[in-house]
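Each chain is listed here by its residues.
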Amino acid sequence: MAHKNGKTPSGSAKKGSSLLGKKPRPKKADGKVYVRDDAPRRNQPRAAEKVLPQFNKRLGEFTIDRLSHDGRGVADLDGKTMFIAGALVNEKVTARLVEEHARFIDARVDQIITPSPERVTPPCQHYADCGGCQLQHMPPAQQLLMKQDSLLQQLKRWGGVEPKRVLAPITLSDTGYRSRARLGVWYEEDGSVSLGFRQHYSNEITQVDECLVLTPALNQLLAPLRSWLTTLRAAKAVTHIELVKGQSDDSLGSSAIIVRHIKKLAEADLNSLSQLAEQQQVHVWLEPNGNTGLTDIQGNSCDPRLHYEVAGLRLAYHPQDFTQVNPPVNQQMVAQALALLALQPDDRALDLFCGIGNFTLPMARQCAEVVGIEAVESMVLRGRENAESLGIGNATFIAANLADMTHTQLQRLGGNINALLLDPPRDGAKDIIASIQRWVRGKQLSPKRIVYVSCNPATLARDSALLADVGYQLDAVGVLDMFPHTSHVESMALFLLK
């Protein structure tokens with residue numbers, strides 16, 4: 001079990017950690033636990049020597065020669081690559097072990113002996129402990145450059161492709177941008193409560209009084225929510241609280257609180273939560289016993305909506321739907337995708353992993369027809385709902401698991417398409433691209449333009465190689481700064497069929 005400071009107690013094992021240190025043996029009759037390593041073992045092979053893991057072991061001094069793709073410093077230890085969180089290029093640091101793997105080592109900065117001139121003081125008071133951000137010791141401009149370099153390097157190394165042009169990064173404010181967050185709740189033995197994000201290398205919670213990247217409207221809810229948690233009659237009933245900020249749509253305002261609880265809340269708890277909601281002018285919904293839908297404070301099942309704007313359209317979404325957490329960057333991202341797709345009035349387009357229609361509905365306003373396909377049926381229903389409310393009749397939403405579809409099924413659903421937008425999860429779109437490869441090789445009708453929105457440069461690089469294999473050229477690529485101060489790299493690429 002971890003201590004409050006996130007460190008593992010001395011002598012306790014941490015799964016997957018380093019095999020360093022002494023080698024315990026089973027107790028013998030004389031009570032000795034350890035035997036000499038050089039003692040002869042007759043008539044039996046020597047057993048594999050097991051050792052106690054040494055989480056947080058000091059590893060020595062290192063000079064950082066480069067950064068990894070996620071912004072960690074890279075050094076070498078005994079022939080293994082070591083990734084040191086919190087280190088910058090040309091710095092001399094001491095490091096402590098986080099976890100040793102067969103081919104590499106995860107570590108963290110212990111002390112900075114010679115700092116980089118680029119190092120800055122992290123602007124957030126919680127940065128040292130909170131695991132929400134990873135790059136606040138790096139200037140925002142340098143973070144963006146690192147992400148762009150990482151993207152281009154991975155495309156070249158793993159995909160074997162280089163873009164004809166690099167798009168200007170889409171970047172706005174690096175603070176106050178996050179419109180939703182899921183916070184953990186931690187109860188101490190003395191009765192105090194922590195509300196915040198998980199610590200680095202730990203399951204425990206860092207108490208967050210103010211979050212640098214959270215919108216001001218959500219930040220102002222942290223203190224009253226923590227105060228409410230400390231007065232709960234139902235002990236340890238609440239496990240998580242989700243905060244969501246939409247566009248103002250009624251007298252309650254646009255912010256919402258979702259309370260996940262595993263025990264029934266007392267009447268007094270519900271009354272005080274209702275008072276909090278009225279004072280803060282926010283919606284409050286409950287999520288009892290896991291993801292089984294939402295109820296209002298009285299326990300009645302409900303199906304609420306919040307709203308956001310994109311490309312001049314007002315989209316409704318359920319508070320638990322996936323939506324982009326950075327609304328201003330999302331606006332520019334959709335505008336850039338439309339510009340790259342260059343849709344014509346008689347074009348037919350396909351939007352895969354379409355969600356509630358974030359790209360689909362703006363695309364529909366520029367072409368003859370667009371088909372959006374999404375695995376989550378509830379989000380497909382939301383897409384249809386939005387299309388109807390906006391009077392958009394040329395957008396079709398289909399619920400289907402793209403990973404299970406054959407290329408024939410996909411082509412039948414998509415039909416004769418001129419353009420394709422892909423916005424897959426971190427695993428990428430390998431299965432979909434296999435279908436596209438078959439279309440091209442079979443000289444079937446194939447999209448001439450593909451816009452690929454990626455949240456993982458590694459899978460984008462892999463999929464770029466697959467597209468290049470059948471004649472697609474990487475025309476343009478650029479970074480989307482959706483998550484400043486974190487190691488997440490979002491990007492957009494345009495592929496053209498030669």
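Everything below is about the structure shown above.
Residues numbered from 1 in each chain as written. Predicted model: local features only at pLDDT ≥ 70, side-chain atom pairs only at ≥ 80, totals over all residues. Heavy atoms only, no water.

Draft legend 1. How the structure looks around the overall build of the protein. On a plain count of helices and strands, the protein comes out with 10 helices and 24 strands. Long-range contacts, defined here as pairs at least 24 residues apart, represent 64% of the contacts in the protein between residues at least 6 apart. In the form shown here, the protein has an accessible surface area of approximately 23,900 Å², with 50% of it arising from carbon and sulfur atoms. (Helix = DSSP H or I, 4+ residues; strand = E, 2+ residues; numbered from the N terminus. Contact = heavy atoms within 4.5 Å. Areas by Shrake-Rupley, 256 points an atom, 1.4 Å probe, with all protein chains shown as cover.)

Draft legend 2. Here's a closer look at the packing of aromatic side chains. Counted under the stated rule, the structure contains 2 aromatic pairs. Plain terms: the ring middles of phenylalanine 83 and phenylalanine 104 are 5.9 Å apart, the flat faces sit at 70 degrees to each other, and that makes the pair edge-to-face. You can see phenylalanine 83 sitting in strand β4 (residues 80-85) and its partner phenylalanine 104 sitting in strand β6 (residues 104-114), a full 21 residues away along the chain. (Phe/Tyr/Trp six-rings, centres within 6.5 Å; stacked < 30°, edge-to-face > 60°.)

Draft legend 3. Summary view of the nonpolar core. One finds Trp228, Leu229, Val238, Leu243, Ile257, Met363 and Val451 to be the most contacted residues of the largest nonpolar core, which totals 86 residues. At 7 residues, helix α5 (residues 327-341) tops the list of elements feeding residues into this core. Residues in contact with isoleucine 257, not counting those within four places in the same chain, are Leu221, Leu225, Ile241, Glu242, Leu243, Leu276, Val282, His283, Val284 and Trp285. (Core = buried A, V, L, I, M, F, W, Y, C linked by side-chain atoms within 4.5 Å. Buried < 20%, exposed > 50% of the residue type's maximum accessible area, 1.4 Å probe, protein only.)

Draft legend 4. Representation of unusual backbone geometry in the model. Even without glycine at this site, alanine 311 takes up a positive phi of about 50 degrees. With respect to the secondary-structure elements, alanine 311 resides in the loop between β16 (306-310) and β17 (313-317). For phenylalanine 353, which is not glycine, the phi dihedral falls at a positive 65 degrees. Topologically, phenylalanine 353 is positioned in the loop between β18 (348-352) and α6 (360-364). Assessed through its relative accessible area of 21%, phenylalanine 353 is described here as partly exposed.

Draft legend 5. A look at the pattern of salt bridges. If you walk through the whole model with that rule in mind, you get 18 salt bridges. For aspartate 65, the salt bridge identified is with arginine 66, shortest N-O distance 3.4 Å. For aspartate 209, the salt bridge goes to arginine 226, with nearest N and O atoms at 4.0 Å. Taken together, the residues span a long stretch of sequence, with aspartate 209 in the loop between β10 (205-207) and α2 (216-219) and arginine 226 in helix α3 (residues 222-230) at a distance of 17 residues. For aspartate 209, a relative accessible area of 44% corresponds to the partly exposed category. Residue class for arginine 226 comes out partly exposed when judged on its relative accessible area of 30%. It is possible to trace a salt-bridge network through shared partners that takes in Arg58, Arg96 and Asp110. (Salt bridge = Lys/Arg side-chain N within 4 Å of Asp/Glu carboxyl O.)

Draft legend 6. How the structure looks around the sheet that holds strand β3 (residues 73-77). What the 6 strands build is an open sheet, ordered β1-β5-β6-β4-β3-β2; its pairing is mixed. Lying at the two open borders of the sheet, with one neighbouring strand each, are β1 (58-63) and β2 (66-67). In the sheet, β2 pairs with β3 via 2 bridges, with the strands oriented antiparallel. Bridging from a neighbouring strand, leucine 67 pairs with glycine 73 of β3. (Pairing = 2+ DSSP bridges.)

Draft legend 7. Geometry of helix α10 (residues 457-468). The end-to-end C-alpha distance of α10 is 16 Å, a good match for the 16 Å that 12 residues give at a rise of 1.5 Å each. Of all the positions in α10, only Pro457, Thr459, Leu460, Ala461, Asp463, Ser464 and Leu467 are classed as buried. Residues of α10 that are buried in the fold lie against α1 (140-159), α9 (430-441), β22 (449-454), β23 (472-480) and β24 (490-497). Its side-chain oxygen at 3.1 Å from the backbone nitrogen of alanine 458, asparagine 456 defines the N-terminal cap of α10. (Expected span 1.5 Å × (residues − 1). Polar contact = N/O pair within 3.5 Å; in protein donor to acceptor, adjacent residues only side chain to side chain.)

Draft legend 8. Expanded view of the sheet that holds strand β21 (residues 419-422). Strands sit in the order β7-β23-β24-β22-β21-β18-β19-β20 across an open sheet of 8 strands; the sheet is mixed. Each edge of the open sheet is held by one strand with a lone partner, namely β7 (165-166) and β20 (395-399). Here 5 bridges tie strand β19 (residues 369-374) to β20, and the two strands are oriented parallel to one another. By the bridge assignment for β20, isoleucine 373 is matched with isoleucine 398. The sheet strands contacting α1 are β7, β23 and β24, and the helix crosses β23 at an angle near 160 degrees. This element, α5, spans β7, β21, β22, β23 and β24 of the sheet and lies at about 160 degrees to β22. (Axes fitted to C-alpha atoms, helices over the stretch in contact; angles between N-to-C directions.)

Draft legend 9. Here's a closer look at the pairing of β21. By the alternation rule, side chains of β21 split into Ala419 and Leu421 and Leu420 and Leu422, which are all buried. Pairing analysis gives 4 bridges linking β18 to β21, with the strands arranged parallel. Paired with leucine 350 across the strands is leucine 420, a residue of β21. Of the pairings in the sheet, the one linking β21 to β22 comprises 4 bridges and is parallel in character. Of the residues in β22, the one forming a bridge with leucine 422 is tyrosine 452.

Draft legend 10. Region of interest: the packing of α3 against helix α4 (residues 267-280). Running from N to C, α3 and α4 cross one another at 170 degrees; their axes reach a closest spacing of 10 Å. Taken together, α3 and α4 sit at an angle that is classed as roughly antiparallel. Only Asp269, Ser272, Leu273, Leu276 and Gln280 of α4 make contact with α3, whose side of the interface consists of Pro224, Leu225 and Trp228. (Parallel < 35°, antiparallel > 145°, perpendicular 65-115°, else oblique.)

Draft legend 11. Examining the environment of aspartate 190 more closely. By the secondary structure assignment, aspartate 190 is in the loop between β8 (180-187) and β9 (193-198). Among the polar contacts made by the side chain of aspartate 190, one reaches the side chain of serine 192 at a distance of 2.7 Å.

Draft legend 12. Spatial organisation of the side chain of arginine 180. Assignment of secondary structure puts arginine 180 in strand β8. In this structure arginine 180 comes out as buried when scored by relative accessible area, which is 8%. A polar contact of 2.3 Å, which involves the side chain of arginine 180, links it to the backbone oxygen of proline 319. Beyond its immediate sequence surroundings of up to four residues, arginine 180 is in contact with Leu218, Glu242, Leu243, Val244, Tyr317, Pro319, Gln320, Asp321, Thr323 and Val325.

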